[in-house]
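Architecture at a glance
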Amino acid sequence: MSASLRNSGKVVVDLMPTSNLLTFVDLLHDCRLVSPDQLDELRRHLLPHYRDERTLAKYLVQRGWLTVYQVNQLLQGHAQELVLGPCRILDRLGEGAISQVYKAWHTVRHCLVALKVLRPDFLDNESAVHQFEREIHAVTRLSHPNIVTAVEVGQAGTRRFLAMEYMEGTDLGKFVQLSGPLPVGHACNYIRQAALGLQHAHENGLVHRDIKPANLFLSTPGEGSALRLSDRAVVKILDWGLSHVHLPRHQPKNTTAWIQPGALVGTADFMAPEQARDPRRVDIRADIYSLGCTLYFLLTGQVPFPGKSLMQKLLQHETAEPPAVEALRPDLPRTLPLVLRKMLAKRPEDRHPIPLAVAVALAPFCRTSRSGTVPPRPLSASARAGK
């Protein structure tokens, strides 16, 4: 150790950095987790004052140079997993059935992205790989304000990734679970936006096949992820991994070859009757039915058919009528239940023919409060149980 006097007259002990500490800094350099200026400050001014990498890492988190997630990965020896092509992973956002989603910084475009990658345990699963590629194909061919935007598609080693726009907010499923049913104007506005996104998909020959509250993201620019109703919120349709190409006059071969006969594609609580029978032959009207189930959930806090088993739910979608929405929400405008019932018609030919027709039908009900802070009614215990 050496000692040096500062101008204040206090003695500051400078510690020789350990090999582990030096290795830690080298990792920051190799993975480009800090800028050249930060690296220079680290080596010149910070290293002499720290005994070990954990203490230094804690300080760098406090400075905002690293995230807690990055530090944990570095200290556990997973530094290389923080780098995927041009993206530097900052945090983990969530995990789905076959994929993981991270918050990342795109070093070329200089922007935050939501980075979606196939889970390592599914790299050799042909069906999962096909589903992931299907989502990439769908998102990259679509460009609409109400559909999540692709930033880049790439591959690093064996890992295929999809970088999408990063959004602040939460999905509508979580919003209703935590805050209760939405005011009429907001619910209709959000579903109208989703319908406009689905119209764009329809015009590009795509059926989503898994429309539900969890796949409608309520983006609140500049307002973070706080649970707050906002007139400025934008709905973005997520998760196109189950999408289906529907071009009746020119159906490409093998577009659904990965789906086994009798397989269930979608989510039972929001699935159109014809989709349960054969997901390979549905068109955009199946998405309209699912969108109707979603609107029902936003207005009531419960799904139309809260059956106890998968088969019971599917049978109810096929043969039963849901509890009247106006009985659960007496404040609804008189004609809104008529629009909802048409969306939920059992036969596709009895529904709105295209999503644009849904958007037009919902437009008169989309008035929202000026402040956007109208508190939704809390969920009842029975509604939560029915979810």
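Residues numbered from 1 in each chain as written. Predicted model: local features only at pLDDT ≥ 70, side-chain atom pairs only at ≥ 80, totals over all residues. Heavy atoms only, no water.

**Regarding the overall build of the protein chain**
To keep it simple, the criterion reads: Where helices and strands are cited, they refer to DSSP runs of H or I of at least four residues and of E of at least two residues respectively, numbered from the N terminus. Remark: exposure states derive from per-residue accessible area (1.4 Å probe, protein chains only) relative to the maximum for the residue type, with buried under 20%, exposed over 50%, and partly exposed in between. In this analysis, two residues are considered to be in contact whenever any of their non-hydrogen atoms come within 4.5 Å of each other.
Along the protein chain, the regular secondary structure elements total 14 helices and 13 strands. Per-residue burial over the protein chain gives 50% buried out of 387 residues. Looking at the protein chain alone, contacts between residues at least 24 apart form 65% of all its contacts between residues at least 6 apart.

**Let's talk about the pattern of salt bridges**
To keep it simple, the criterion reads: The salt bridge criterion pairs a side-chain nitrogen of Lys or Arg with a carboxyl oxygen of Asp or Glu, the two atoms within 4 Å.
Evaluated as defined, the whole model comprises 21 salt bridges. For Glu326, the salt bridge is made with Arg341, and the minimal N-O distance between the two is 2.4 Å. Here Arg341 lies in helix H12 (residues 336-343) and Glu326 lies in helix H11 (residues 325-328), a separation of 15 residues in the sequence. For Arg341, a relative accessible area of 43% corresponds to the partly exposed category.

**Quick word on the sheet that holds strand S5 (residues 99-106)**
Adjacent strands of a sheet form backbone hydrogen bonds with each other and so pair up, either parallel or antiparallel. How we decide: Any two strands between which DSSP finds at least two bridges are classified as paired. The axes used here are C-alpha line fits, helices contributing only the stretch in contact, and every angle between their N-to-C directions lies in the interval 0 to 180 degrees.
Strand order in the open sheet formed by six strands is S3-S4-S5-S6-S8-S7, with antiparallel pairing between adjacent strands. The sheet is open, and its two borders are formed by strand S3 (83-84) and strand S7 (150-156), each paired with just one other strand. Sheet strands in contact with helix H4 (residues 68-75) are strand S4 (87-95) and S5, and its direction is about 100° off that of S4. Each of S5, strand S6 (111-118), S7 and strand S8 (159-165) touches helix H5 (residues 126-141); the most contacted strand, S8, lies at about 35° to it.

**Focus on the nonpolar core**
Basically, it comes down to this: In this text, buried Ala, Val, Leu, Ile, Met, Phe, Trp, Tyr and Cys residues form a nonpolar core when linked through side-chain atoms within 4.5 Å.
Counting 67 residues, the largest nonpolar core has Leu182, Trp240, Leu291 and Leu362 as the members making the most contacts within it. Within the second largest apolar cluster, 33 residues are counted, among which are Leu47, Val71, Ile89 and Val151.

**As for the sheet that holds strand S12 (residues 234-237)**
Reading across from one edge, S9-S11-S12 is the order of the three strands in this open sheet, with antiparallel pairing throughout. Each edge of the sheet is formed by a strand with only one pairing partner; in this case those strands are strand S9 (169-171) and S12. On average, adjacent strands in this sheet sit at an angle of 25° to one another, irrespective of strand direction. As judged from the four bridges shared by strand S11 (residues 216-219) and S12, these two strands associate in the antiparallel manner. Across the sheet, the residue bridging to Leu218 is Val235, located in S12. Packing against the sheet, helix H7 (residues 184-203) makes contact with S11 and S12, and its axis sits at approximately 40° to S12.

**So, the pairing of S8**
In terms of residue burial, S8 counts as a mostly covered element, since six of its seven residues are buried. Here S6 runs beside S8; their pairing, made up of five bridges, is antiparallel. Within S8, the position partnered with Lys116 by the bridge is Leu162. Both S7 and S8 contribute to a ladder of six bridges, which runs antiparallel. Opposite Val153, over in S8, you have Leu162 as the bridge partner.

**Concerning empty space enclosed by the protein**
For the record, the criterion: Definitions used throughout: a 1 Å grid over protein atoms alone; a cavity as a set of points that fits a 1.4 Å probe which cannot get out; a pocket as an open set with protein on both sides within 12 Å along at least five of seven lines; a lining residue as one with an atom within 4 Å of a point. Grid points are joined across faces, edges and corners, and a volume is the space filled by probe spheres set on the points. Polarity classes work like this: nonpolar for Ala, Val, Leu, Ile, Met, Phe, Trp, Tyr, Cys and Pro, charged for Asp, Glu, Lys and Arg, and polar for all others, with Gly in that last group.
Applying the stated criterion to the full structure yields one cavity of 30 Å³ or more. Quantified by volume, the largest cavity comes out at close to 30 Å³. Along the walls of the largest cavity sit Arg209, Asp210, Ile211, Val265, Gly266, Thr267, Phe270, Met271, Gln275 and Ser290, which together make up its complete lining. Across the lining of the largest cavity, the residue classes tally to four nonpolar, four polar and two charged.

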